[in-house]
Amino acid sequence: MRFGTREMLFLVLLLAMPVAAYFFVFQPRNAQIAEARQEIAQKQEKLRQLEEHTRDMEDLGAQIDRLEQAIALFEQKLPAQQEVEVILKEVWELAARHGLTPKSVRTDKIVAAAQYAELPIELVIVGDFDGFYSFLLDMEKLQRITRMPQMKLQKLKDAEGAVQANLVLSIFFEGADRQQAASAPTSGDRHL
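Residues numbered from 1 in each chain as written. Predicted model: local features only at pLDDT ≥ 70, side-chain atom pairs only at ≥ 80, totals over all residues. Heavy atoms only, no water.

Novice: Help me understand the nonpolar core in this model?
Specialist: Proteins that are soluble and globular tend to have nonpolar side chains buried together. Ranked by internal contacts, the top residues of the largest apolar core, which has 23 residues, are Ile-121, Leu-123, Phe-132, Phe-135 and Leu-169. At the level of elements, helix H2 (84-97), strand E3 (116-128), helix H3 (129-140) and strand E5 (162-174) are the ones that each hand at least two residues to this core. Top element by residues in this core is E5. It accounts for 6 residues. Ignoring anything within four residues of it in the chain, the contact list for Phe-135 reads Val-91, Leu-94, Ala-95, His-98, Leu-100 and Ile-125. (Core = buried A, V, L, I, M, F, W, Y, C linked by side-chain atoms within 4.5 Å. Buried < 20%, exposed > 50% of the residue type's maximum accessible area, 1.4 Å probe, protein only. Helix = DSSP H or I, 4+ residues; strand = E, 2+ residues; numbered from the N terminus. Contact = heavy atoms within 4.5 Å.)

What follows is the structure, given as structure tokens:
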């Protein structure tokens, strides 16, 4: 068998076919496959995130229910505007029970909010410090929502252990009658 130019050309073409197939077929196809795998991985990650968010949304419904129950409980603790006097009477009785003497009360302007209104009341109470401390402890136990944003204690010089407390007591009530609350008298003084 002779090995000539024709055979040599045939052999070169035969060897060039797999090399050309690698560069023109397999390498671009491998790049497409790698790109498709990366895209699949990204979509699987998004799907995992969506499943996680879906689970969170189911939990969100339960959280909304719990928050609605908490709001309902909060609203139950809000008295109607007509009951503010009753709460003030409870505070007075509480002070008397602890041996404190209420000197004066002054209501400030009603502060209206979205679902409630706030009525700040300035109180001046005189009595024994121990009684005042017990009074504060019992104020915390009241069923209605109140807060005491300001308090100033002064020692009375004429009696040992006696104090005068100037405090602001904020009483919260339902805000359904906000327009009526805004037109109500803004302040009034009562001295006892």
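Novice: Would you mind going over H3 with me for this structure?
Specialist: One turn of the α-helix equals 3.6 residues, which is why residues spaced by three or four share an orientation. For H3, spanning 12 residues, the distance from its first C-alpha to its last is 17 Å, which sits close to the expected 16 Å at 1.5 Å a residue. Every buried residue of H3 is accounted for by Gly-131, Phe-132, Phe-135, Leu-136 and Met-139. Along H3, the residues classed as buried sweep out an arc of 145° about the axis, all on the same side. When the buried face of H3 is taken as reference, the exposed residues oriented beyond 90 degrees from it are Asp-130 and Glu-140. Backbone nitrogen of Asp-130 and a side-chain oxygen of the N-cap are separated by 3.3 Å at the start of H3; the cap is Asp-128. (Expected span 1.5 Å × (residues − 1). Arc of directions from axis to C-beta. Polar contact = N/O pair within 3.5 Å; in protein donor to acceptor, adjacent residues only side chain to side chain.)

Novice: What is the right way to read the packing of aromatic side chains from this model?
Specialist: By convention here, two paired aromatic rings are described through the distance between centres and the angle between planes. Under the criterion given, the structure shown has 2 aromatic pairs. Where Tyr-22 meets Phe-23, the ring centres are 5.3 Å apart and the plane angle is 75°; that geometry is what we call edge-to-face. (Phe/Tyr/Trp six-rings, centres within 6.5 Å; stacked < 30°, edge-to-face > 60°.)

Novice: Looking at this structure, how should I read the pattern of salt bridges?
Specialist: Opposite charge on two side chains allows them to pair when their charged atoms are near. Scanning all chains against the criterion turns up 5 salt bridges. One salt bridge in this structure joins Arg-48 and Glu-52, with 3.1 Å as the shortest N-O distance. Pair noted here: Arg-48 and Glu-52 are both in helix H1 (residues 5-77), with a separation of 4 residues, about one helical turn. Look at Arg-48 and you get partly exposed, because its relative accessible area is 39%. (Salt bridge = Lys/Arg side-chain N within 4 Å of Asp/Glu carboxyl O.)

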